[in-house]
Amino acid sequence: MDVSERYREAWESYWRETSDAPGEAIWDADPSLSAARDVDRLARHADPALPIVDLGCGNGTQTRYLAARFGRALGVDLSHAAVAHARRADTAGTVEFRQLSLTDPAAVGELHERLGDVNVYMRAVIHQSDAPDRRPVAEAVATLVGRRGRGFVTELTEESKTTLARLAESPGGPPLKLRRVFDHGLKPADAGDVEVPELLAAAGLRILAEGPTALAQTEQWPDGSRVELPARWFVVAPAAARASGG
């Protein structure tokens, strides 16, 4: 199976109409507020000698940080326009970026065959995927980690819907960056809280560690404070991995 044409075009149009300016996307926070702390959580369980693959890499802001922490980093995204952004931003050429649909098991399997087992970083992909695509996305994580890799998955919680509703009710209406998300038909925080761990388990993944977090955004509240969306993180391993490996 593959994603719907509606979903694919929503992301293509979003990234085509997004400038290369850092922080233009509402979720494009500086890595010090996102990937840096995530990698610290992942590193307690993962082999840093393995490559890391950033699933749903967008414009590659977090991927470029990951490249500094692992020997090799690769970013993949459904959107060709997003990959083009990422390649332009990677002026040092430290990361490989490619277009790939996580719901295409043949393409995901080919990537695993080429790279071998990898560590995976996936930030806020399941929650905005169409419902039929969520399990294939989780299965893509399982395929890529193989036997030796570990995955870091973070997803918005249901509570974040309340936060987004408050933000949309700001004086003057939703801030521009949030309005652009809605205008392109993207659906943040669409997965339920119990759904994410259930999907990971169904994909053959075991949760080694988890906890609450908040995803920093590039929008601000009227008082100038940063918008942060409630989320939960998971470090996962293949279910068959020995406990000592986690």
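Refer to the preceding data block for the structure.
Residues numbered from 1 in each chain as written. Predicted model: local features only at pLDDT ≥ 70, side-chain atom pairs only at ≥ 80, totals over all residues. Heavy atoms only, no water.

Caption draft 1: Layout of the overall build of the chain. Of the regular secondary structure elements, the chain holds 9 helices and 7 strands. Taking 18 Å as the expected radius of gyration for a compact globule of 246 residues, we find that the chain reaches 17 Å, a close match to that expectation. A principal-axis box enclosing the C-alpha atoms of the chain has dimensions of 55 × 35 × 35 Å. Looking at the chain as a whole, 57% of its 246 residues qualify as buried. Put simply, 72% of the contacts in the chain that link residues at least 6 apart link residues at least 24 apart. If you sum the accessible surface of the chain, you get close to 10,500 Å²; carbon and sulfur atoms cover 51% of it. Across the chain, 29 positive and 36 negative side-chain charges occur, with their mean positions spaced 4 Å apart. (Helix = DSSP H or I, 4+ residues; strand = E, 2+ residues; numbered from the N terminus. Rg over C-alpha atoms; globule rule 2.2 N^0.38 Å. Buried < 20%, exposed > 50% of the residue type's maximum accessible area, 1.4 Å probe, protein only. Contact = heavy atoms within 4.5 Å. Areas by Shrake-Rupley, 256 points an atom, 1.4 Å probe, with all protein chains shown as cover. Lys, Arg positive; Asp, Glu negative; His and termini not counted. Charge placed at Lys NZ, Arg CZ, Asp CG, Glu CD.)

Caption draft 2: Focus on the pairing of strand 5 (residues 151–156). A large share of strand 5 lies buried, amounting to 6 of its 6 residues. The pairing of strand 4 (residues 119–123) with strand 5 spans 4 bridges and is classified as parallel. The partner of Val120 across the bridge, within strand 5, is Gly151. Handedness of the β-α-β unit built from strand 4, helix 6 (residues 134–145) and strand 5 comes out right-handed. Alignment of strand 5 against strand 7 (residues 226–238), held across 6 bridges, turns out to be antiparallel. Within strand 7, the position partnered with Phe152 by the bridge is Val235. (Pairing = 2+ DSSP bridges. Right-handed = clockwise from strand over helix to strand, strands pointing away.)

Caption draft 3: Inspection of the pattern of salt bridges at higher detail. Applying the stated rule across the entire model yields 14 salt bridges. Among the salt bridges present, the one from Asp38 reaches Arg41, with a minimum N-O distance of 3.7 Å. Note that Asp38 and Arg41 are positioned in helix 2 (residues 35–43) at a spacing of 3 residues, about one turn of the helix. We note that Asp38, like Arg41, is buried. Across the pair Arg69 and Asp40 runs a salt bridge whose closest N-O atoms are separated by 3.0 Å. With Arg69 in helix 3 (residues 61–69) and Asp40 in helix 2, this residue pair connects regions lying 29 residues apart in the sequence. Under the relative-accessibility criterion, Asp40 is labelled partly exposed at 40%. (Salt bridge = Lys/Arg side-chain N within 4 Å of Asp/Glu carboxyl O.)

Caption draft 4: Structural context of the sheet that holds strand 3 (residues 96–99). On the basis of which strands lie adjacent, the open sheet formed by 7 strands has the order 3-2-1-4-5-7-6 and mixed pairing. This sheet does not close on itself; its edge strands, each paired only once, are strand 3 and strand 6 (205–220). Averaged over all pairs of adjacent strands, the angle between strand axes in this sheet comes to 20°, irrespective of strand direction. Pairing analysis gives 4 bridges linking strand 2 (residues 73–77) to strand 3, with the strands arranged parallel. Residue Gly75 lies in a different strand from strand 3, and its bridge partner there is Phe97. In this fold helix 2 packs onto strand 1 (52–55), strand 4, strand 5, strand 6 and strand 7, with an angle of close to 170° to the strand it touches most, strand 6. Contacts between helix 7 (residues 159–168) and the sheet are confined to strand 5, strand 6 and strand 7, with strand 7 contributing the most and set at about 155° to the helix. (Axes fitted to C-alpha atoms, helices over the stretch in contact; angles between N-to-C directions.)

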